[in-house]
Amino acid sequence: MPDARTHDIITIASAVVLAPLTQIAQVSALGIGPFDAWPNSAWLVIAHVISGVMFSPDLDLDSAIDNRWGIFFWIWRPYMWVVPHRSFWSHSLIFSPLLRMAYFYVVSLGIILGANWLLSQVGIVMPDYSRQLSRTISQVTADYPNASLAFVIGFCTGSAAHSIADWLVTSGKHILRSVGLQIKRDYRHHDRHMPRQRRASR
Ligand SMILES: [Zn+2]
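All values reported here derive from a predicted model rather than from experimental measurement.

Visitor: Provide a residue-level description of the overall build of the protein, including the pertinent values.
Guide: Assigned secondary structure in the protein consists of ten helices and zero strands. Its helices and strands in sequence order give the protein the pattern α-α-α-α-α-α-α-α-α-α, from N to C terminus. In the protein, which comprises 202 residues, the share counted as buried stands at 36%. For the protein, the exposed area adds up to about 12100 Å²; of that, 70% sits on carbon and sulfur atoms.

Visitor: Before we move on, could you go through the coordination of the zinc ion and cite the residues and values that matter?
Guide: The protein atoms that coordinate the zinc ion are Asp58 (OD), His91 (NE2), His162 (NE2) and Asp166 (OD), at distances of 2.0 to 2.3 Å. Viewed at the metal, the four donor atoms of the zinc ion are separated by angles of 88 to 170°, and the geometry they form is irregular. Sequence positions of the residues that donate to the zinc ion give the spacing D-x32-H-x70-H-x3-D. Placement of aspartate 58 in the loop between α2 (34-53) and α3 (64-67) and of histidine 91 in helix α5 (residues 88-91) is noted, with a sequence separation of 33 residues between them. Since its relative accessible area comes to 10%, aspartate 58 is described here as buried. Under the relative-accessibility criterion, histidine 91 is labelled buried at 11%.

Visitor: Before we move on, can you summarise the pattern of salt bridges with the specific residues and values?
Guide: Summed over the entire model, instances satisfying the criterion amount to three salt bridges. Note that arginine 68 and aspartate 8 form a salt bridge whose closest N and O atoms lie 2.6 Å from each other. Residue arginine 68 is located in the loop between α3 and α4 (77-82), and its partner aspartate 8 is located in helix α1 (residues 4-29); the two are separated by 60 residues in the primary sequence. The exposure class assigned to aspartate 8 is buried, which follows from its relative accessible area of 18%. Put simply, aspartate 66 and arginine 77 hold a salt bridge, and the shortest N to O gap is 2.6 Å. Of this pair, aspartate 66 sits in helix α3 while arginine 77 sits in helix α4, placing them eleven residues apart in sequence. We note that aspartate 66, like arginine 77, is buried.

Visitor: Account for the packing of helix α6 (residues 95-121) against helix α7 (residues 129-143), naming residues and giving values.
Guide: Running from N to C, α6 and α7 point in directions that differ by 150°, and their axes come no closer than 8 Å. One finds that α6 runs roughly antiparallel with respect to α7. Between α6, through Tyr105, Ser108, Leu109, Ile112, Leu113 and Asn116, and α7, the contact on the second element is made entirely by Tyr129, Ser130, Leu133, Ser134 and Ile137. When the residues that make up the contact of α6 with α7 are grouped by side-chain class, the tally is seven nonpolar, four polar and no charged.

Visitor: An account of the layout of surface pockets is requested, with residue identities and associated values reported.
Guide: Quantified by volume, the largest pocket comes out at close to 580 Å³. If you trace the largest pocket, you find 19 residues lining it, with Met101, Ile137, Thr141, Phe151 and Val152 closest to the centre. Counting only elements with at least two residues in the lining of the largest pocket, the list comes to α2, α6, α7 and α8 (145-170). Tallied by class, residues from the lining of the largest pocket come to 15 nonpolar, four polar and no charged.

Visitor: A description of the packing of aromatic side chains should follow, citing residues and the corresponding values.
Guide: Across all of its chains, the model carries 16 aromatic pairs by this definition. With 5.4 Å between their ring centres and 90° between their planes, tryptophan 76 and tyrosine 79 make a pair best called edge-to-face. Between the aromatic rings of tryptophan 89 and phenylalanine 95, the centroid separation amounts to 5.4 Å while the plane-to-plane angle is 75°, which identifies the pairing as edge-to-face. Classification of tryptophan 89 as partly exposed rests on a relative accessible area of 44%. Using a relative accessible area of 33% as the deciding quantity, one classes phenylalanine 95 as partly exposed. A connected cluster of aromatic rings, assembled from ring pairs, spans Trp43, Phe55, Trp69, Trp76, Tyr79, Tyr103, Phe104, Phe151 and Phe155.

Visitor: Break down the side chain of serine 14 for me, citing the residues and quoting the values.
Guide: Relative to the assigned elements, serine 14 resides in helix α1. Its relative accessible area of 19% is what places serine 14 among the buried residues. Excluding anything up to four places from it in sequence, serine 14 contacts His48 and Ala161.

Reading the values: the criteria
- Each chain carries its own residue numbering, running from 1 in the written order of its sequence.
- For a predicted model such as this one, the threshold for reporting local features is a pLDDT of at least 70, and the threshold for listing and counting side-chain atom pairs is 80 or more; totals across whole chains, interfaces and linings nevertheless cover every residue.
- Only hydrogens and water are set aside; all other atoms, that is, all heavy atoms of the structure, feed into the side-chain values.
- Segments assigned H or I by DSSP are reported as helices when at least four residues long, segments assigned E as strands when at least two residues long, and all are numbered from the N terminus.
- Note on classification: 1.4 Å probe, protein chains only; a residue is buried when its accessible area is under 20% of the maximum for its type, exposed when over 50%, partly exposed between these limits.
- Note on areas: these come from Shrake-Rupley sampling with a 1.4 Å probe, and a residue is covered only by the protein chains present in the view.
- For Na, K and Ca the donor cut-off is 3.2 Å, while for other metals it is 2.8 Å, and in both cases only N, O and S atoms qualify; water is not among them, so sites may look incomplete.
- Donor angles set the geometry label: tetrahedral for four donors if every angle is between 85 and 135 degrees, square planar for four and octahedral for six if opposite donors exceed 155 degrees and the others are between 65 and 115, irregular for anything else.
- When a carboxyl oxygen of Asp or Glu lies within 4 Å of a side-chain nitrogen of Lys or Arg, that pair is called a salt bridge.
- Note on method: axes are straight lines fitted to C-alpha atoms, helices fitted across the in-contact stretch only, with angles between N-to-C directions ranging 0 to 180 degrees.
- Oblique is the label for any angle not under 35 degrees, not over 145, and not in the 65 to 115 range, which are roughly parallel, roughly antiparallel and roughly perpendicular in turn.
- Any two residues whose heavy atoms approach within 4.5 Å at even a single point are treated as in contact.
- When residues are grouped by polarity, Ala, Val, Leu, Ile, Met, Phe, Trp, Tyr, Cys and Pro land in nonpolar, Asp, Glu, Lys and Arg in charged, and all others, Gly among them, in polar.
- Definitions used throughout: a 1 Å grid over protein atoms alone; a cavity as a set of points that fits a 1.4 Å probe which cannot get out; a pocket as an open set with protein on both sides within 12 Å along at least five of seven lines; a lining residue as one with an atom within 4 Å of a point.
- Grid points are joined across faces, edges and corners, and a volume is the space filled by probe spheres set on the points.
- Pairing of aromatic rings covers Phe, Tyr and Trp, the last through its six-membered ring, and needs centres within 6.5 Å; plane angles under 30 degrees mean stacked, over 60 mean edge-to-face, and all others mean tilted.

The values reported here are purely geometric and, on their own, carry no functional implication.
Pasting the structure below:
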């Protein structure tokens, strides 16, 4: 429940810490050579940042995050309506980022199929981009399994950094206190959502 800006800072700071840790873990624990390891580290960090900034767990409420999608903010409306705020569906450590990833994939396919259908109504026949997208994804994951896995792990850690921060400022305050950090602000009702129209008129 820290605000979007604080979450962004947490995302970037945790990415900076994760980069060397990922590299060290691959080289020392998995025995991967440093030059083979760094693309995986890079993908993990990129996915971590994308997940934290664009695919944030707070897409489950009308917030600063869906504004980042610009004219495509509506992509997340059905997700927002269905997924209860700060629930297991949006804020769990592994399941929720994978759900958002799957949701985005399905919606992208839907948009492509919808656009193809609309164009076909006016006599324009487009290549089957939806099948091409699916084929490209399975090809990339087959050709680059380690980098793909690193991307998925980074996508999960980016979301987890958010969920853990939310938890620390609410239920986990005592942990922060034990390391000398005091949270003075009451975050319990911090994420009251503000409807889009009201935000726009401010
Ligand atoms: Zn949150």
